Amino acid sequence: MKTIIDSEQFGRTLKRMTHEIIERNEDLSKIILVGIEKKGTPIANEIKNLIKTFENIDVPLELIDIGSHRDDHKKIPDVKINFKENINDKIIILVDDVLYTGRTVRAAMDAIVEIGRPAKIELAVFVDRGHRELPIRADFIGKNVPTSKEEMVVCDFFNKEVSIR
């Protein structure tokens, strides 16, 4: 296992991503962070906390389980998505740990447009490892990591590190 982001870099990367989100969005009151369960949720929560620290604005955070919108054998029928916030005309920032084929993001976008019509959907990922199967790109990227399809990128939020297996 090879560490590609250590704990010190982990924190700096999250802070940089948060500053990019702040800089590219003039009105932070229009933003809703949406963490893709399970691995995107702690990253989205940390971005929420950093926005509060840097700008003193408490942006809403919603969680999304894409189980019923998957296109593979892991599809779970009838997973309900219950957002507290109205997403119509808001800027949704989807947050996930690793962007790989793009299928998870596609499923999340499908789920979001079923419940409302946001003004825009942006994507924040901690690691972009390439190998897209769909035309999906991230707006905010912590680190681009070229990998082979055989390798696995593990984002360990508890230990604040990212490694390749």
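In what follows, the structure referred to is the one given above.
Cut-offs applied
Counting starts from 1 at the beginning of each chain's written sequence and moves along it residue by residue. Note on the predicted model: pLDDT of at least 70 is required for a residue's local features to be given, and 80 or more for side-chain atom pairs to be given and counted; whole-chain, interface and lining totals, by contrast, use all residues. Hydrogens are left out, water is left out, and the side-chain values use all remaining heavy atoms of the structure. What is meant by a nonpolar core is a set of buried Ala, Val, Leu, Ile, Met, Phe, Trp, Tyr and Cys residues, joined one to another through side-chain atoms within 4.5 Å. Note on classification: 1.4 Å probe, protein chains only; a residue is buried when its accessible area is under 20% of the maximum for its type, exposed when over 50%, partly exposed between these limits. Helix and strand assignments follow DSSP, with helices taken as H or I runs no shorter than four residues and strands as E runs no shorter than two, numbered in order from the N terminus. Residue contacts are defined here by distance: any two heavy atoms, one from each residue, within 4.5 Å place the two residues in contact. Centre distance within 6.5 Å is the pairing criterion for rings of Phe, Tyr and Trp, where only the six-membered ring of Trp is used; planes under 30 degrees apart are then read as stacked, over 60 as edge-to-face, and the remainder as tilted. Definition used for salt bridges: Asp or Glu carboxyl oxygen within 4 Å of a side-chain nitrogen of Lys or Arg.

**Q** Got a sec to walk through the nonpolar core? Specific residues and values, please.
**A** Membership of the largest hydrophobic core comes to 31 residues, with the highest contact counts inside it found for Phe126 and Val162. Elements supplying a minimum of two residues to this core: strand E1 (2-5), helix H1 (7-24), strand E2 (31-36), helix H2 (40-55), strand E4 (91-99), strand E5 (120-128), strand E7 (153-156) and strand E8 (161-164). Not counting chain neighbours up to four residues away, the residues in contact with Val162 comprise Lys2, Thr3, Ile4, Ile5, Phe10, Phe126, Val127, Val153, Val154 and Cys155. With 20 residues, the next largest nonpolar core counts Ile66, Ile92, Ala107 and Ala108 among its residues.

**Q** How would you explain the environment of Gly11 if you had to name every residue and give the values?
**A** Looking at the secondary structure, you find Gly11 in helix H1. Under the relative-accessibility criterion, Gly11 is labelled partly exposed at 27%. Distance from Gly11 to His131, taken between C-alpha atoms, is 26 Å for residues 120 residues apart in sequence.

**Q** Account for the packing of aromatic side chains, naming residues and giving values.
**A** The geometry of an aromatic ring pair is captured by the separation of the ring centres together with the interplanar angle, meaning the angle of the planes. Applying the stated rule across the entire model yields 2 aromatic pairs. Aromatic pair Phe10 and Phe126: ring centres 4.4 Å apart, planes at 40°, arrangement tilted. Residue Phe10 is located in helix H1, and its partner Phe126 is located in strand E5; the two are separated by 116 residues in the primary sequence. Given a relative accessible area of 0%, Phe126 falls into the buried group. Ring centres of Phe10 and Phe157 lie 5.6 Å apart, and the angle between their planes is 65°; this geometry places the pair in the edge-to-face category.

**Q** Now, about the pattern of salt bridges: what can you tell me, with residues and values included?
**A** Side chains that carry opposite charge are capable of pairing whenever their charged atoms lie near each other. If you walk through the whole model with that rule in mind, you get 11 salt bridges. A salt bridge links Arg103 to Asp71; its shortest N-O distance comes to 2.5 Å. A residue pair is termed long-range when its members are at least 10 positions apart, and Arg103 in helix H3 (residues 103-115) and Asp71 in the loop between strand E3 (61-64) and E4 qualify at 32 residues. Asp71 gets classed as partly exposed once you look at its relative accessible area, which sits at 41%.

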